[in-house]
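Architecture at a glance
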Amino acid sequence: FLKTVGIRPEALVLDDGSGLSRSDMVTAEASVQLLTFMSKHRYATVFRDALPVAGVDGGADVEDRLVVVGDLGADVSSEPAIWTSIDGLTWTLAKLSDQVDGTLGSVIPTDGGFLAIGTEQRTDGFQAPMLYSSRDGLLWERARIAGFDRGYLSGATATRFGPIVFGTSEDETGMPSPVVVTPNR
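Reading the values: the criteria
- Residues numbered from 1 in each chain as written.
- Predicted model: local features only at pLDDT ≥ 70, side-chain atom pairs only at ≥ 80, totals over all residues.
- Heavy atoms only, no water.
- Salt bridge = Lys/Arg side-chain N within 4 Å of Asp/Glu carboxyl O.
- Pairing = 2+ DSSP bridges.
- Helix = DSSP H or I, 4+ residues; strand = E, 2+ residues; numbered from the N terminus.
- Axes fitted to C-alpha atoms, helices over the stretch in contact; angles between N-to-C directions.
- Core = buried A, V, L, I, M, F, W, Y, C linked by side-chain atoms within 4.5 Å.
- Buried < 20%, exposed > 50% of the residue type's maximum accessible area, 1.4 Å probe, protein only.
- Contact = heavy atoms within 4.5 Å.

1. As for the pattern of salt bridges
Per the counting criterion, the structure on display carries five salt bridges. In the salt-bridge network here, residues are joined through shared partners; they are Arg8, Glu10 and Glu29.

Below, the structure written as structure tokens:
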């Protein structure tokens, strides 16, 4: 596919494919080539509709509280960060229950508040899923998913059955396998 688009393989460095790893890199040129190619593709509309929308995706709102997620962006390591606002103009950094090296990539509204997901960079070199929940968007508690301590979370969605979180788990040999869970509230 890269050849068809005209992207040089060295223009991409994909560590795990989640988009949350600090090792994932794509050159600006490769991004422009992909967007240009897809704008002329027969599935251009589907592709364009699947792209994130700035100020919309990566954020959520519940009962007049806006929440966005990311990280504090230090040079070598980074702390996950969650910002909240009631007016969209003034933002406050929320309090997390722990401090780890990692980044948060998604937040969704739930019946009971918010759920934020991301990936922790562990000190042993492996990645671990990060899952935080909050009732008010201000105080966030870290949640663990039983049996899922190596790998990453790549997405979450709100459904009528409750939130669904998905990602990839790795066993002791590094073999990946997909994971889909409905966290307990």
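Once the structure has been displayed, the description carries forward.
2. Concerning the sheet that holds strand β7 (residues 95-96)
Pairing within the open sheet is mixed, and its five strands lie in the order β7-β11-β10-β9-β8. In this open sheet, the two strands that pair with only one neighbour each are β7 and β8 (102-110). Two strands pair when backbone bridges link them, and β7 and strand β11 (residues 139-143) are joined in this way by two bridges, in the parallel orientation. Bridge pairing in β11 places leucine 96 opposite tryptophan 140.

3. Quick look at the sheet that holds strand β14 (residues 176-181)
The sheet built from three strands is open, its strands ordered β12-β13-β14 with antiparallel pairing. In this open sheet, the two edge strands, each paired with only one partner strand, are β12 (151-159) and β14. Taking each pair of neighbouring strands and ignoring which way they run, the sheet shows an average axis angle of 15 degrees. Sheet topology places strand β13 (residues 162-170) next to β14; six bridges connect them, and they run antiparallel.

4. Some thoughts on the environment of glycine 6
Checked against the element boundaries, glycine 6 lands in the loop between α1 (2-5) and β1 (12-13). When the C-alpha atoms of glycine 6 and phenylalanine 37 are compared, they prove to be 8.7 Å apart, with 31 residues separating the residues in sequence.

5. Thoughts on the nonpolar core
Residues Ile82, Leu104, Val107, Ala116, Tyr132 and Trp140 are the most contacted members of the largest nonpolar core, which totals 13 residues. Elements represented by at least two residues in this core include exactly β4 (65-71), β8, β9 (113-121) and β10 (127-134). If we ignore the near neighbours within four places in the chain, the residues touching tyrosine 132 are Pro80, Leu96, Ser97, Asp98, Val100, Leu104, Phe114, Leu115, Ala116, Trp140, Glu141 and Arg142. Ranked by size, the runner-up nonpolar core spans 11 residues in total, among them Ile108, Ile145, Val165 and Val179.

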